[in-house]
Each structure stands twice: as C-alpha cells, then as structure tokens.
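# Reading the structure
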Amino acid sequence: MSSLGTEGRRVLSREPVNAEAADEAFSSLITPAGQRFVRCHFPVPSLAPDPILRIDGAVTEQRQLSLRELRALPAVVQTVLTECAGNGRALLDPPVSGEQWSSRAVSTAQWTGVPLCNLVELRDTAVELVFTGADGGGFRRSLPRDVALDPSTLVAWEMNGAPIPPQFGGPVRLIVPGWYGMASVKWLTRIEAVETPFEGEFQSRRYVYGPGAPVTRMRVKSMFVGLLRHVRAGTPLRIGGLAWGGEGVRSVAVEIDGAPWPARLVGPALPHAWRRFELEWQPARPGRYSLVCRATDAGGASQPDEAEWNPLGYGNNAAQRAEVVAD
C-alpha cells in the first residue's frame, strides 16, 4: 500500500488492503494508480515475474502461456471503468456488514491486453468459463460463454501504460467491461471451460442480491464532483460530476428543489468509461437548495430515489443528494 501512497484515500483495512479513491481521482478521465481505489478479499500474493496461465477444460486445445508469451500476442488498449459491487454500502439503511464503502470505490484505467476470445476455442458443450486467482483464499468466478468471448473481455498485463501493480491484480488479470469489479479476477492463473454452471463461494453465495439473483452488470449511477456547497445568490454556478453504467449513459438530469434540469454530457464518449456532465445554474435568491443528480442509461433505466436494500449490500445506485446554500 505504501508504494502507491495513501494521501487523500480513506483506508478501510490494511490486511487485506482496501481503500477508497482519492478526491483527485475524479478530476480526470484516467485514474492514476496512486489515486485508484483498492479492493482485496485476501492478502496480495507474491508471484513470479513471468507467471504461467493455464487454459483447460472444455476447450479444443489446452494451453499454458507465460506472461512473456502473452505480451508477444497482438494487444489492444481499452479504457474501462471498474466499480466495486459494494460501492455505497455504507449509505444503506438499515446497515449491513462488509467493507463500508461510501461512494469512492470506482476508478477508470487504460488496460492493455489480449481479447480472451483470441486465446480460447471452446467445445460446443462449454457453457461458462471459470477464472481462478492466485490469492490465498481461492477466489474463483465464472462468466457465461457469450460474455467471456466478447471481444472487449481482456486478459490484461498493463494498466495506464505500465505493468499492473500487485495491489491491482498484476502481473495478469481479467478485465470485464460493464460488469462490477468482482468479475475482473485478479492475479489470474487459470481459465477453465466448464460444461455445467459454476457454483463457488464467490459465485452463488456472495455477490448475489438474493437467492437466484446474481450481481452482474453495473447499474447506472452518477455522482457530483467538486460541487461548491456555499455560493453567493445571483452568481452563476457550474455543477458537474460523473456518470457511468454497464449499459452506458444516455443522459443526466440535475434536479434542483425537485425541478429537473438537463445536464450536458462532455468529454470523450467511450463505451466502457465514465461520462462527465455539466450544468450552469444561478441561484436567484438566498436560501438552501436541494440538488439531486440522476443518470439514465442507454436502455432507459434511471437511478432510483432510494437504494434497493439487500442483505449483502450490493448495487447501491440511489440518486445522489446534496445541498447548496446561497447567501
């Protein structure tokens, strides 16, 4: 943890290391490593600099690839947002157990790697791919066949143009755009194609909203960034923030005392990153103003007023509220 710095980040635990992103992390499209949120279920493993990735199970050809061999393959670079499924857990009422993330367990990075579909050829009988991490707790997760073979799903070895730091899953990790972070298995050592649905600890008993309701794609969400809470009446105020979701972002509205104002989406419109929104507003008179930011995704889903409570505290995408005082 000390190698990345902790200044500006709220540390939830040190062993295993868990920390929220720093304030500065939300001022740019790409989050620097030292400002990025960290999520580990178990202590960070010590791995060889050139680890072996095994690919087996219901595949037409079993393979063993070293990091050196992976890096020799044609690579792509994708800008991908990662959000912890428990982001916002600390805001639930009644409270639930688990790491008490507020709203900063989310970051965006540029990942370099090879599309998983270029590494495996599945038998017709394969229904899922199971991914195993090297951390001591035996973290394993599966993906449906179609998601695993989507060209955007990567086996990555670089983050922001440098080797992936160990705290973030290096030397090799999975990147699954659009899904909550638990799907992007870190310290990747094995990929196994299976012919029946996988039901491991982190698949069917954790990372579920309830029985038969697994956590999968990110729900649409938004947050204010750099909002001035004390202003002078009659002075223009720029309201801004970030919005994201597994289905992209179609629009963002800022509700001021209940009246919706459409915000502008600005900056790059990348398929798997967050979008910045802006609104120019002028408080006409002194007083307290209630603000709400609410994003809508490409499929028409919008953020709810209240979080959908569940026993494990996942997927809180309630619209964020703030108050501005004008003198």
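Overview of the structure.

Rules used in this analysis
Residues numbered from 1 in each chain as written. Predicted model: local features only at pLDDT ≥ 70, side-chain atom pairs only at ≥ 80, totals over all residues. Heavy atoms only, no water. Helix = DSSP H or I, 4+ residues; strand = E, 2+ residues; numbered from the N terminus. Rg over C-alpha atoms; globule rule 2.2 N^0.38 Å. Buried < 20%, exposed > 50% of the residue type's maximum accessible area, 1.4 Å probe, protein only. Contact = heavy atoms within 4.5 Å. Areas by Shrake-Rupley, 256 points an atom, 1.4 Å probe, with all protein chains shown as cover. Pairing = 2+ DSSP bridges. 1 Å grid on protein atoms, 1.4 Å probe; cavity = no way out; pocket = protein on both sides within 12 Å on 5 of 7 lines; lining within 4 Å. Points joined across faces, edges and corners; volume = space filled by probe spheres on them. Nonpolar A, V, L, I, M, F, W, Y, C, P; charged D, E, K, R; others polar. Lys, Arg positive; Asp, Glu negative; His and termini not counted. Salt bridge = Lys/Arg side-chain N within 4 Å of Asp/Glu carboxyl O. Axes fitted to C-alpha atoms, helices over the stretch in contact; angles between N-to-C directions. Polar contact = N/O pair within 3.5 Å; in protein donor to acceptor, adjacent residues only side chain to side chain. Core = buried A, V, L, I, M, F, W, Y, C linked by side-chain atoms within 4.5 Å.

## Some words on the overall build of the chain
Assigned secondary structure in the chain consists of three helices and 24 strands. Taken against the 2.2 N^0.38 rule, which gives 20 Å for 327 residues, the C-alpha radius of gyration of the chain at 21 Å falls within 12% of a compact globule. Per-residue burial for the chain yields a buried fraction of 53% across its 327 residues. In the chain, the share of contacts with a sequence separation of at least 24, taken over all contacts with a separation of at least 6, comes to 68%. As displayed, the chain offers around 14300 Å² of accessible surface, 51% of which is attributable to carbon and sulfur atoms.

## Re the sheet that holds strand β2 (residues 17-19)
In sheet architecture, strand pairing relies on hydrogen bonds along the backbone and comes in two forms, parallel and antiparallel. A sheet is described by the order of its strands in space; here three strands give the open sequence β1-β2-β3, paired in antiparallel fashion. Each having just a single partner strand, β1 (11-14) and β3 (38-39) make up the two edges of the open sheet. For β2 and β3, the ladder comprises two bridges, and the chain directions are antiparallel. Looking at β3, one finds that Ala19 is bridged to Val38.

## Some words on unusual backbone geometry
The amide bond that connects Asp93 to the next residue, Pro94, takes the cis arrangement and shows omega of 5°. With respect to the helices and strands, the residue Pro94 is situated in the loop between β6 (76-83) and β7 (106-115). A cis geometry characterises the amide bond from Gly170 onward to Pro171, with omega recorded as 15°. Within the secondary structure, Pro171 sits in the loop between β11 (162-163) and β12 (173-175). For Trp187, which is not a glycine, the phi torsion comes out positive at approximately 50°.

## A short note on empty space enclosed by the protein
Following the criterion strictly, the structure yields three cavities of 30 Å³ or more and no others. Taken as a whole, the largest cavity encloses approximately 250 Å³ of empty space. As for the largest cavity, its lining consists of 20 residues, and the residues nearest its centre are Arg39, Arg173, Gly181, Ser184 and Lys186. Here the residues of the lining of the largest cavity sort into ten nonpolar, five polar and five charged. Here the second largest cavity defines a volume of roughly 40 Å³. Lining the second largest cavity, in full, are Leu81, Gly178, Met218, Trp244, Gly245, Gly246, Pro271, His272 and Ala273.

## Here we look at the side chain of Arg36
Relative to the assigned elements, Arg36 resides in the loop between β2 and β3. Look at Arg36: it is buried, it has no salt bridge, and the nearest opposite charge is Glu83 at 11 Å. Once residues within four sequence positions are removed from consideration, Arg36 is found in contact with Arg9, Ala21, Thr31, Thr82, Ser107, Thr108, Ala109, Trp111, Met159 and Phe168.

## Description of the sheet that holds strand β16 (residues 221-224)
Strand order in this open sheet of four strands is β16-β18-β22-β21, and the pairing throughout is antiparallel. Two strands lie at the open edges of the sheet, namely β16 and β21 (264-266), each paired on one side alone. The mean angle between the axes of side-by-side strands here comes to 30°, regardless of whether they run parallel or antiparallel.

## Some words on the environment of Ser302
For Ser302, the position within the fold is in the loop between β23 (287-296) and β24 (320-326). Taking the C-alpha atoms as reference, Ser302 lies 36 Å from Asp135; in sequence the two are 167 residues apart. In contact with Ser302, not counting residues within four places along its chain, are Val220, Arg294, Ala295 and Thr296. Among the polar contacts listed, one links the side chain of Ser302 to the side chain of Thr296, at a separation of 2.6 Å.

## Here's the deal with the nonpolar core
Considering soluble globular proteins, one finds that nonpolar side chains tend to be buried as a cluster. Grouped together as the largest cluster of nonpolar side chains are 52 residues, with contacts concentrated most on Phe131 and Val155. Among the elements of the structure, β4 (52-57), α1 (67-71), β7, β8 (128-133), α2 (145-148), β10 (154-159), β13 (188-194) and β18 (237-244) are those that each provide at least two residues to this core. Sort the elements by how many residues they give to this core and β13 lands first, with three residues. If we ignore the near neighbours within four places in the chain, the residues touching Val155 are Leu53, Leu70, Gly113, Val114, Leu116, Leu119, Val172, Arg173, Leu174, Leu188 and Ile191. Counting 22 residues, the second largest nonpolar core, distinct from the first, contains Leu227, Leu237, Val249 and Ala326.

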